[in-house]
Amino acid sequence: MRRGGSTFSGRHRLGIGIFLAPVLILYGAFFLYPLCFISITSLMEWTGISKAQFVGLENYKKLFSDSTFTMGIRNNFIWAFASGFIQIPLATLVALILARKPPLWKFLRTLYFLPNVISAVALAMLWKAIYNPTYGLLNGLLALVGMGGHNWLGDTATALTAVIAQSVLYIGYFMIIILAAISNIPDSLYEAAEIDGASVLQQTFRITLPMITGTLVTSITLAMAYGMRHFEATFLMTGGGPAYATTTMGIQLYNKMDAFRYGEASAIGAILILLGTVLIVLIRSLLSKNDPMAEAAQ
Amino acid sequence: MKSNPNQRIGAIAGKILVFSVLTFFFLIAAFPLLWLFISSLKTNLELQVSPFTLPKVLQWINYENALKMANLPSLFLHSIYVAFGAVLLNLLVTSMAGFVLAREQFRGRELIYTLLTAGVLVPIISFMVPYFTLITRLKLYDKLIALIIVYGSINIPVSIFLVTAFMRSIPKEMEEAAVIDGCSFLQRYTKIVLPLAQTGLVTAGTFCFIYAWNEFIMALLLTSSSASRTLQLGIRFFTSQFVTDYTSMYAAIMISIIPSIALYTMLHNRIISGLTAGAVKG
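This one's a predicted model, so the numbers in the text were calculated from it and none came from an experiment.

**Student:** How would you explain the overall build of chain A if you had to name every residue and give the values?
**Tutor:** Along the backbone of chain A there are 15 helices and two strands. The C-alpha extent of chain A, read off along each of the three principal axes, is 80 × 75 × 35 Å. In chain A, which comprises 298 residues, the share counted as buried stands at 45%.

Spelled out as structure tokens, the structure:
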């Protein structure tokens, strides 16, 4: 036995190896191998059957000169910004309210998160029904005030907004994360502010928000990263249409794969990963600049 | 001390704002689901004529139709098999690795932990091509076991994070006493750490289950026959059969989301504390 406390150190090389092996094999097969795979095949022309041919950056060039693909990039950026700068402020607003423990706050916290455990397939069909031009819920509600009859998902002018709106309004996930950060703020800070006669608004802007800057930066970064990779709800609700109005990089990837253009599909995968990583690094460094609170929280 | 009128108006306005915000998001989260449930019990005529009224007679037959037409029972079993299989595989491998990462000292430990948890940053959809070719080469295409392996693996980063964090929080004293009593490496895992880590394992398992139950795109990519069709795929495919029978389609969707809602109702505290475990660290 060596120093107390590290009783078991270094004595079970074999055991450690055996216990780590299964995770490392699966992680290698489903994370590391795919990373290498797409980096290499994105430089090849490959249909899956024929022999792959090295073509350099040809796939990337093709993609960036294809206006439907650049439309996909644009839409993913719109998704990212809507998630980071509409969804997170809404989630923060609700978290600030629930943190003051109004009646039913625990029930509401649970309920707001509920849509996050329901499958994208069910939610997509539900929202397709809501947006349905003839019998849908939204037009039904609008008809009560004398409007309605609009084909929300079928019109290129409203389709993207309609798909993004249903996703951005589900604030539950980030609301819970932000709420947890708020409840970690020591009560003594508020007690002192109360004695000084600070109003609720003053407490929010002078104490709560500065104290949770780190969590907010993390939430914005995460939400934007999810927006950059958005795929499923659009795939299920519109398939990228009408006329590519809602297309995303993920949908382009799926379509290329469906057409056996594996090289181009891999190139899209590589672009997705690169853009996502760049975005995460950029947002973090931009938002936490000169902000000691955020640095401390990291 | 009396507050001045301005302050009082401000307080009332604040209350109204708070109430409207909470109600709005309540409606966003609950109303569509409620509407779906009510619509699933109507006749198609009722749905089209008056989409917001309650049904005159509850049409449970819609659920019967859904069960029959979409062959839901077998889809349901496939999804149960895949979800439980994925959870078992995931918890087995991550509890072993988590045990070593949380309780042993060895070179490269931090590196392995960082590598494994960094997986959450990767957009899984970019792996569609490699997953497809890998599963085909392993001769697992169109087999449910492929989905078990893929879902169990995709959840490794999240589970490693949750399980390792939980195992770190178990006090070392018990293990040390057990070692003095002659407990082996394996016994420390099976007899001490594993039982004490139950809460962490349930949380990680719940996340994995919900993911596996709801997953759609990999199932679409990696299976083709009805013998290995999951519920999500089935719901998606069979909607074409319901083009005119919307209410039965809604009944089918209701059936597909009941397990998620039931699990969430039972374990929502676990799920919420699992989410916040990550948030505190930032």
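Now that the structure has been shown, the text picks up again.
**Student:** Break down the interface of chain A and chain B for me, citing the residues and quoting the values.
**Tutor:** Taken together, the contact pairs 72 residues of chain A with 65 residues of chain B. The leading source of residues in the side of chain A that touches chain B is helix 1 (residues 13-41) of chain A, at 16 residues. Within the side of chain A that touches chain B, the residues separate by chemical class into 51 nonpolar, 19 polar and two charged.

**Student:** So what about unusual backbone geometry? Which residues, and what values?
**Tutor:** A:G241 connects to A:P242 through a cis peptide bond whose omega is -10 degrees. Take A:P242: it is sitting in the loop between helix 12 (232-237) and helix 13 (249-258). Phi is positive for A:Y244, close to 65 degrees, though the residue is something other than glycine. If you trace the backbone, A:Y244 turns up in the loop between helix 12 and helix 13. Using a count of 17 C-beta atoms within 10 Å as the deciding quantity, one classes A:Y244 as partly exposed. In the Ramachandran plot, B:K139 falls in the positive-phi region, its phi being about 60 degrees despite a non-glycine side chain. Note on placement: B:K139 falls in the loop between helix 6 (128-137) and helix 7 (144-154). Given 8 C-beta atoms within a 10 Å radius, B:K139 is considered exposed.

**Student:** Pulling in residues and values, what's your account of the domain arrangement of chain B?
**Tutor:** A common way to express how large an interface is: the accessible area buried when the components associate. For chain B, the assigned domains read domain 1 (5-39) and domain 2 (61-281). The centre of domain 1 of chain B, based on its C-alpha atoms, is set 35 Å off from the matching centre of domain 2 of chain B.

**Student:** I'd like a rundown of the environment of B:V100, residues and numbers included.
**Tutor:** Among the secondary structure elements, B:V100 is positioned in helix 4 (residues 72-103). Linking B:V100 and B:V87, residues 13 residues apart in sequence, is a C-alpha distance of 20 Å. Look past the residues within four positions of B:V100 in its chain and what remains in contact with it is A:I16, A:F19 and A:L20.

About the criteria used
- Residues numbered from 1 in each chain as written.
- Chains lettered and ligands numbered in written order.
- Predicted model: local features only at pLDDT ≥ 70, side-chain atom pairs only at ≥ 80, totals over all residues.
- Helix = DSSP H or I, 4+ residues; strand = E, 2+ residues; numbered from the N terminus.
- Buried ≥ 20, exposed ≤ 12 C-beta atoms within 10 Å, placed from the backbone.
- Contact = placed C-beta atoms within 7 Å.
- Nonpolar A, V, L, I, M, F, W, Y, C, P; charged D, E, K, R; others polar.
- Domains from an automatic or database assignment.

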